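Each chain, letter by letter, is given below.
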Amino acid sequence: MPVDKSESVAIIGAGAWGLSTALHLINAGYSNVTVFDQASEIPSQYSGAYDLNKIVRAEYEDEFYTELALKAINRWKTPLWGSNFHQAGYVLATSGAAPEKAVHHLQTALLSVKDHPAFAQGIVPLNGHDDFQKIYWQFSGPMTGFRGYFNRLAGYAHSSNTMADIHKHLAGRGVKFVFGPVEGKVVKLLYNTTRDPAQQRCTGVQVQSGKTYQARRTILCAGAWAATLVPDIGSFVDAKCWSVAHVKLTQQECDYLRGIPVLNVRDLGFFFEPDPTTKLFKLCPLGGGYVNSNKGKGTSLPPSESLTAPKNYIPASDEEKLRRLLRETLPWMADRPFVEQKMCWFADTSDSEYCVDFVPNSGDSLVVLTGDSGHGFKMMPIVGEWVVKLLADGKQELPRWRWKQSEGKGGKEWGDDVSWRVGTTKQIGEVIGEQNRMAKARL
Ligand SMILES: Cc1cc2nc3c(=O)[nH]c(=O)nc-3n(C[C@H](O)[C@H](O)[C@H](O)COP(=O)(O)OP(=O)(O)OC[C@H]3O[C@@H](n4cnc5c(N)ncnc54)[C@H](O)[C@@H]3O)c2cc1C
């Protein structure tokens, strides 16, 4: 049956994927779209993309994602998206101390783009200090054993600004937004009353204030929080977090580093050119990340706010990794204080595959977009197309994006299985507890 585009659609979450979904539904002719977010404004402080910048690159070990990312990059270069996209170039590297796994990942990533026609002439191998210094004349560190390649067809996007701009665009095109911890936070999905699971349908949402909204379709784009509303998602998706830190630069330092390509050292972390407005230089350590698992159920969810990691905090081992990265590249910055540190939550799957599908026992009334696995922001310009297609097709044609509850991997350790991550996944509560105990012992 053809889709009725005047039907009511409720989108839960105005992060990167929820906003993209609203955009593509409107572009496809849907006229009654309402987006809910627990944050009071956009960009949402709870979004994994509430950040200065995110890497936009197309090299993947899996050609499927390479092609998707290339499509997304082409869209980043259009007027709606282009002001937030910076094709500054991208260096993927390993340090001399990198484990074999990181070196292998680097080689496969290079193979995925080296002979791809889209990158012809755009890839430069970097074999040691002198090659790196040709790209980064500002780097005075030893870059001990650094190897990698430069891809000039990649870069980064300003993620908070992108979400703010797309929100403004959508509000101007008639998308309704409901924000805030009371009116915008969805606490419950509504269902029809039936004993027959095959007839069960999601009929809308209830927000914290108690108010209800009826919707023919509900689309769950709640990032790391998805399992709070559909607990079964927690059986194959873990809420996971990584650290983010910044160094506040002077105007002169900021100008000095302007135009550097993104540097991603797989066994240490990555950084971007400084943001000219805030003069913040953003860094992220790489690793298996942290979960917050419920001991009984195994499901990992972001901690409630009162339990969240202390403000302006990252684990000591992550700080050490970032300082090592700076000592190797920009030693003058290596002992500077880190500011605006935070733990940033995303929705992780064991195979890094996204999930874009109808929730079982909901007919075609409830869709979930989850499992961004920490590589979903770059896709923001095209994500909503996948939802439009799903609604039109009535089923997910791509097996890799189907609901995978039967795997039952939620809450299990898979950090070290992911080819592009080095290190195991830890419980965030234990890491914070251990650090607090050590700090007390030093007093
Ligand atoms: C440290 C870090 C670095 C990353 N780096 C990159 C990168 O370099 N490149 C890249 O492509 N990707 C990167 N990512 C991943 C990227 O941020 C995510 O893929 C992207 O944000 C996923 O979008 P989303 O809409 O699914 O979730 P989010 O952007 O997290 O949005 C979810 C939204 O749902 C809202 N919400 C949740 N529950 C409710 C509720 N009950 N009611 C109402 N609203 C609710 C939240 O408030 C939030 O706004 C990174 C992620 C992290 C954490």
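Calculation criteria
- Residues numbered from 1 in each chain as written.
- Predicted model: local features only at pLDDT ≥ 70, side-chain atom pairs only at ≥ 80, totals over all residues.
- Heavy atoms only, no water.
- UniProt positions renumbered as here; feature names shortened; annotations may be inferred.
- Helix = DSSP H or I, 4+ residues; strand = E, 2+ residues; numbered from the N terminus.
- Buried < 20%, exposed > 50% of the residue type's maximum accessible area, 1.4 Å probe, protein only.
- Pairing = 2+ DSSP bridges.
- Axes fitted to C-alpha atoms, helices over the stretch in contact; angles between N-to-C directions.
- Core = buried A, V, L, I, M, F, W, Y, C linked by side-chain atoms within 4.5 Å.
- Domains from an automatic or database assignment.

Taking an unreviewed UniProt entry as the reference, the chain is identified by name as FAD dependent oxidoreductase domain-containing protein belonging to Exophiala sideris. Per its UniProt entry, the chain bears the Sequence similarities (unreviewed entry) comment "Belongs to the MSOX/MTOX family." According to the UniProt record, the Cofactor (unreviewed entry) comment for the chain reads "FAD".

Looking at the secondary structure, you find H24 in helix α1 (residues 16-27). Given the relative accessible area of 7%, H24 is considered buried.

This part takes up the sheet that holds strand β10 (residues 186-191). Strand order across the open sheet formed by three strands is β10-β11-β12, with antiparallel pairing between neighbours. Both outer strands of the open sheet, β10 and β12 (212-214), are each paired with one neighbouring strand and no more. Strand-to-strand, the axes of this sheet are offset by a mean angle of 25°, without reference to chain direction. With five bridges connecting them, β10 and strand β11 (residues 202-207) associate as antiparallel partners. Among the inter-strand pairings, K188 is bridged to a residue of β11, identified as Q206.

Counting residues in each nonpolar core, the largest one holds 71 residues, and the members touching the most others are V33 and M379. With eight residues, helix α10 (residues 380-393) is the single largest residue contributor to this core. Built from parts of two domains, this core gets at least three residues from each of domain 1 (1-52 + 158-237 + 350-412) and domain 2 (87-156 + 238-348 + 420-443).

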